Amino acid sequence: KDLAVEVREGSLSDSESLNRAVRGVDRVVHVAGVVTAPNREGFFEHNAHGTQRLVEACLKEGPGLSRLVLVSSLAAGGPSLSGDARTEEEAPSPVSHYGHSKRAGELAVLEAADRLNSIILRPPLVYGPRDKGVLAIAQVAAKGLMPLLPSDPPGSGPKRYSQIFGEDLARGIVEATLTEKRLASGSTFYMSSPEVVTDVELYEAFARALGRSLIRLSVPSWGLKGLALGADVVGRFSGRTLPLNSDKVAELLAPAWVCNPQKAARELGFNTTTSFEEGIRKTVDWYRSQGWLR
C-alpha cells in the first residue's frame, strides 16, 4: 500500500513538542523510553510520565488518529514465576523500577482506551544488529566464560527466556501498526519467538558463532547482591548509571522470563522468521563488523 512515513522529533518531557509531533498524523508508534536510570524517578519520568504526556498530546492534537501503538516490555508483565509462559490475561507483577515504570506507561494508555484506539506490544529479550541488549553476554562468551547466575527460589533449574530477533520485532511492530483487523482498543500482545532458550543455550549459541569453548562459572547469590550494592554506592557518588545494581538483581534472579506469543499469532497474524541460531550468528557478525567484538 502507499504509505508516507515521517519521523518527527519530540521530547517526552516537553508536552508542546509532543503536540507538534502528533499533529495531523494517522498512526503513532511509541518506542521511546529508557532502560537504565539512576533511580525510580528517572525511570518513571520517561517511561510513565512521558507516555502520559504523549497520550494527552494524541487526545488533544490527533482527533483523526486511527491507532497508537505502545511498545512496552515483558518486564511490565513480570517474570513467569510459576514456570509457565505468561499470557496477556495474567495480572502483571513487575519486579523492578523499569518494569513498574513500563507498566505505568501501559496504564496511561489503557485509561484512555475508550477515547484513543490503541494496542500494547510486549517484547521479551530483544537482540540483533545495532542492539546492545546482549552485547555484554557476547563479550563474556568471547573471553571463553559462561557465568551462570542463581535463581530465586533456589533449585528452580536453568533460567529460561523468551526472545525475539530485532528485525522480526521491527516487522511485527509495522504489521501491528498497519493492520486493518478489528482489534479491541487497549489490547495487549506478547510479541515473541516461540523458541524458549536457557541461559546455557544463550551462551553456547554465542560460543558457536564466535568459535569459542566456554568455562562454566557459578555466581552465588550473595556475590551478585554484594556486587550490586557496591555498584549502588559507586553510582550514587559518581552520578553514573551502572548496568548492575540492586534493582536489576530482582530481574537477574528470576528463574524465567517466558511469554506465550499465541495471541499475537492468532489476532495479528504475527510469526517470527529468524531462528535463534541464525539470529545470534547475524548479531555476532554485525558486532564484529563494528569492532564491538574481536
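Definitions and limits used
- Residues numbered from 1 in each chain as written.
- Predicted model: local features only at pLDDT ≥ 70, side-chain atom pairs only at ≥ 80, totals over all residues.
- Heavy atoms only, no water.
- 1 Å grid on protein atoms, 1.4 Å probe; cavity = no way out; pocket = protein on both sides within 12 Å on 5 of 7 lines; lining within 4 Å.
- Points joined across faces, edges and corners; volume = space filled by probe spheres on them.
- Helix = DSSP H or I, 4+ residues; strand = E, 2+ residues; numbered from the N terminus.
- Nonpolar A, V, L, I, M, F, W, Y, C, P; charged D, E, K, R; others polar.
- Axes fitted to C-alpha atoms, helices over the stretch in contact; angles between N-to-C directions.
- Parallel < 35°, antiparallel > 145°, perpendicular 65-115°, else oblique.
- Left-handed = near helix turned anticlockwise from the far one by under 90°.
- Contact = heavy atoms within 4.5 Å.
- Buried < 20%, exposed > 50% of the residue type's maximum accessible area, 1.4 Å probe, protein only.
- Pairing = 2+ DSSP bridges.
- Lys, Arg positive; Asp, Glu negative; His and termini not counted.
- Salt bridge = Lys/Arg side-chain N within 4 Å of Asp/Glu carboxyl O.
- Core = buried A, V, L, I, M, F, W, Y, C linked by side-chain atoms within 4.5 Å.
- Arc of directions from axis to C-beta.

Colleague: In this structure, what is going on with empty space enclosed by the protein? I would like to understand it.
Modeller: Space left empty within the atom packing is revealed by a probe, the size of a water molecule, rolled over the atoms. A full pass over the atoms with the stated rule returns one cavity of 30 Å³ or more. One number sums up the size of the largest cavity: a volume of about 40 Å³. Looking at the largest cavity, the residues that line it are H30, A32, N47, T51, L70, S72, K102 and G105. Residue assignment for the lining of the largest cavity shows that the elements contributing at least two residues are α2 (40-61) and α4 (97-110). When grouped by side-chain class, the residues that make up the lining of the largest cavity number two nonpolar, five polar and one charged.

Colleague: Help me understand the packing of helix α1 (residues 15-22) against α2 in this model?
Modeller: The packing of two helices is summarised by the inter-axis angle and the distance between the axes. Taken N-terminus to C-terminus, the directions of α1 and α2 make an angle of 50°; their axes are 9 Å apart at the nearest point. Considered as vectors, α1 and α2 are oriented oblique to each other. Viewed along their axes, α1 and α2 form a crossing whose handedness is right-handed. Contacts from S15, L18, N19 and V22 in α1 reach G50, R53, L54, A57, C58, K60 and E61 in α2. Of the residues in the contact of α1 with α2, the class split is five nonpolar, three polar and three charged.

Colleague: Hey, could you run me through the pairing of strand β3 (residues 118-122) in this one?
Modeller: Side-chain direction in a regular strand flips from residue to residue, so the side chains alternate between the two faces of the sheet. With five of five residues buried, β3 lies mostly within the body of the structure. Here β3 shows two buried faces, one formed by S118, I120 and R122 and the other by I119 and L121. Of the strand pairs in this sheet, strand β2 (residues 67-71) and β3 are connected by four bridges, and their pairing is parallel. Counterpart to L70 in the pairing with β3 is I120. Looking at chain direction, β3 and strand β7 (residues 187-190) are connected through four bridges and run parallel. Within the sheet, the bridge partner assigned to R122 lies in β7 and is Y190.

Colleague: Even after reading the chapter, I still don't get the side chain of D199, so can you show me in this structure?
Modeller: Looking at the element boundaries, D199 is found in helix α7 (residues 199-210). As a buried residue without a salt bridge, D199 has its nearest oppositely charged side chain in K159, at a separation of 6.2 Å. Non-local contacts of D199, meaning those with residues more than four positions away in its chain, are made with L148, P158, K159 and Y161.

Colleague: Mind showing me how you'd approach the nonpolar core here?
Modeller: Side chains of nonpolar character tend, in soluble globular proteins, to be buried together. Residues F206, L210, F276, I280, Y287 and L293 are the most contacted members of the largest nonpolar core, which totals 28 residues. Contributions of two or more residues to this core are made by α5 (135-142), β5 (145-148), β6 (160-165), α7 and α11 (276-289). At six residues, α7 tops the list of elements feeding residues into this core. Filtering out sequence-adjacent residues up to four positions away, F206 remains in contact with V134, I137, A138, A141, I280 and V284. One finds L12, L18, L68 and L116 within the second-largest nonpolar core, a separate group that totals 15 residues.

Colleague: In this structure, what is going on with unusual backbone geometry? I would like to understand it.
Modeller: A negative phi angle characterises most non-glycine residues, just as the trans form characterises most peptide bonds. For R130, which is not a glycine, the phi torsion comes out positive at approximately 80°. With respect to the helices and strands, the residue R130 is situated in the loop between β4 (125-127) and α5. Among the residues examined, R130 registers a relative accessible area of 64% and is labelled exposed.

Colleague: What should I look at first to understand the pattern of salt bridges in this one?
Modeller: Two side chains that carry opposite charge are able to pair once their charged atoms sit near each other. Scanning all chains against the criterion turns up 16 salt bridges. With a closest N to O distance of 3.0 Å, E61 and R23 form a salt bridge. Note that E61 is positioned in helix α2 and R23 in the loop between α1 and β1 (27-30), a separation of 38 residues in sequence. Since its relative accessible area comes to 37%, R23 is described here as partly exposed. Put simply, E175 and R171 hold a salt bridge, and the shortest N to O gap is 3.3 Å. Of this pair, E175 and R171 both sit in helix α6 (residues 166-178), four residues apart, which is roughly one turn of the helix. If you follow the salt bridges from partner to partner, you end up with E16, R23 and E61 in one network.

Colleague: Sorry if this is basic, but what is going on with α5 here?
Modeller: Note that an α-helix has 3.6 residues per turn; residues three or four places apart therefore point the same way. Every buried residue belonging to α5 is among L135, A138, A141 and A142, and all of these are buried. One face of α5 carries all of its buried residues, which in axial projection span an arc of 125°. Next to the buried residues of α5 lie β5, α7 and α11. G144 sits one or two positions beyond α5 and adopts a positive phi of about 80°.

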